[in-house]
Amino acid sequence: MITVDRNQPRNYGDGEKRYYGVTTICHAMGGVDPYGDEVAMQRGQDLHVIFALSVWAYAGRCKPPSVPSMYQSYYQSMQTWIQTAKPEPVQVERPSVSAIPGMPFAGTPDLLAWILYRGHRVLALVDLKSGQKARWHAIQVHAYSKLMLYRDAKALGVLYIHEDGRPGTYEPVKPKPRDWAGFQSALNLLIWREAA
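Keep in mind that what you see is a predicted model, and the values were worked out from it rather than measured.

Mind showing me how you'd approach the layout of surface pockets here?
The method is simple in principle: a probe with the dimensions of a water molecule rolls over the atoms, and the space it marks as empty is what remains. Roughly 260 Å³ of internal volume is contained in the second largest pocket. In this structure, the second largest pocket is lined by 17 residues; those nearest its centre are Arg135, Ala138, Val173, Lys176 and Asp179. Put simply, the parts of the chain that give the lining of the second largest pocket at least two residues each are helix H4 (135-144), strand E9 (155-160), strand E10 (169-172) and helix H5 (177-195). Of the residues forming the lining of the second largest pocket, the biggest block, five residues, is contributed by H4. Grouping the amino acids of the lining of the second largest pocket by side-chain chemistry returns eight nonpolar, two polar and seven charged.

Following this line, the structure appears as structure tokens:
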């Protein structure tokens, strides 16, 4: 059982060890707050719940979510992607820890699913974003692919949903060695600061 406590430097725990969150590490890389202000953070949390329920509903495992009017356009944006990608969920919002010994990080990816992409079914790790595109988004998804439950993903991508309701924009992520090196360096810096 993996727990999350945002008040601790190592946000994730599994009963034996504690782990830095992937987003915390990305924050250390860029020196900017990845969550934005309180309003943006709440919107992100709400939309992630709506997305998870929408994917499960598409798979026939629950009823469609009840969506507040202020999120209807975002919902329309994600629904267009869902209808196109036809996701068959494998993992939805399930925390996992690093599969790499000596690298204490963990995270909660949004979705691991079989999706239709460019005419093929592919096992994809997809992260949902409702704000502006940022470089750390691709790094975040790359790091998620190193988690125990998500190592089998054959494709990585970020799904940007839009406030104006236009179709969600799926951007494939091509892992870059330089980004991975930066992520590892940021993790080591956090560990070093902890011991200071």
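Where do I start with the packing of aromatic side chains in this structure?
One pass over the structure, following the stated rule, counts six aromatic pairs. Their ring planes at 45° and their centres at 6.2 Å tell us that phenylalanine 51 and tryptophan 81 sit as a pair that is tilted. Separated by 30 residues along the polypeptide, phenylalanine 51 in helix H2 (residues 38-58) and tryptophan 81 in helix H3 (residues 72-85) bring together distant segments of the chain. Each member of the pair phenylalanine 51 and tryptophan 81 is classed as buried. A network of ring pairs unites the aromatic residues Phe51, Trp81, Tyr117 and Tyr170 as a single cluster. Of note, lysine 146 hangs over the ring of tryptophan 180, and the distance from its end group to the ring centre comes to 5.0 Å.

Help me out: how do you make sense of the packing of H4 against H5 in this one?
The interhelical angle for the contact between H4 and H5, taken along N-to-C directions, is 80°, at an axis separation of 10 Å. Between H4 and H5, the angle is such that the two are roughly perpendicular. On the side of H4, the interface is formed by Arg135, Ile139, His142 and Ala143, while H5 contributes Arg178, Asp179, Trp180 and Phe183. By residue class, the composition of the contact of H4 with H5 is four nonpolar, one polar and three charged.

I keep staring at the sheet that holds strand E8 (residues 120-129) and nothing clicks. Help me out?
Strand pairs in the sheet, formed through backbone hydrogen bonds, run parallel or antiparallel to each other. The strand order across the open sheet formed by five strands is E4-E7-E8-E9-E10, and the pairing between neighbours is mixed. Pairing within the sheet leaves two strands with one partner each, and these edge strands are strand E4 (88-92) and E10. Averaged over all adjacent pairs, the angle separating strand axes in this sheet is 40°, with direction ignored. The strands that H2 touches are E4, strand E7 (111-117), E8 and E9; relative to E4, the one it contacts most, it runs at about 140°. Its contacts with the sheet place H3 against E7, E8, E9 and E10, and it is angled at close to 65° to E7.

Cut-offs and rules
Residues numbered from 1 in each chain as written. Predicted model: local features only at pLDDT ≥ 70, side-chain atom pairs only at ≥ 80, totals over all residues. Heavy atoms only, no water. 1 Å grid on protein atoms, 1.4 Å probe; cavity = no way out; pocket = protein on both sides within 12 Å on 5 of 7 lines; lining within 4 Å. Points joined across faces, edges and corners; volume = space filled by probe spheres on them. Helix = DSSP H or I, 4+ residues; strand = E, 2+ residues; numbered from the N terminus. Nonpolar A, V, L, I, M, F, W, Y, C, P; charged D, E, K, R; others polar. Phe/Tyr/Trp six-rings, centres within 6.5 Å; stacked < 30°, edge-to-face > 60°. Buried < 20%, exposed > 50% of the residue type's maximum accessible area, 1.4 Å probe, protein only. Lys NZ or Arg CZ within 6 Å of the ring centre and 35° of its normal. Axes fitted to C-alpha atoms, helices over the stretch in contact; angles between N-to-C directions. Parallel < 35°, antiparallel > 145°, perpendicular 65-115°, else oblique. Contact = heavy atoms within 4.5 Å. Pairing = 2+ DSSP bridges.

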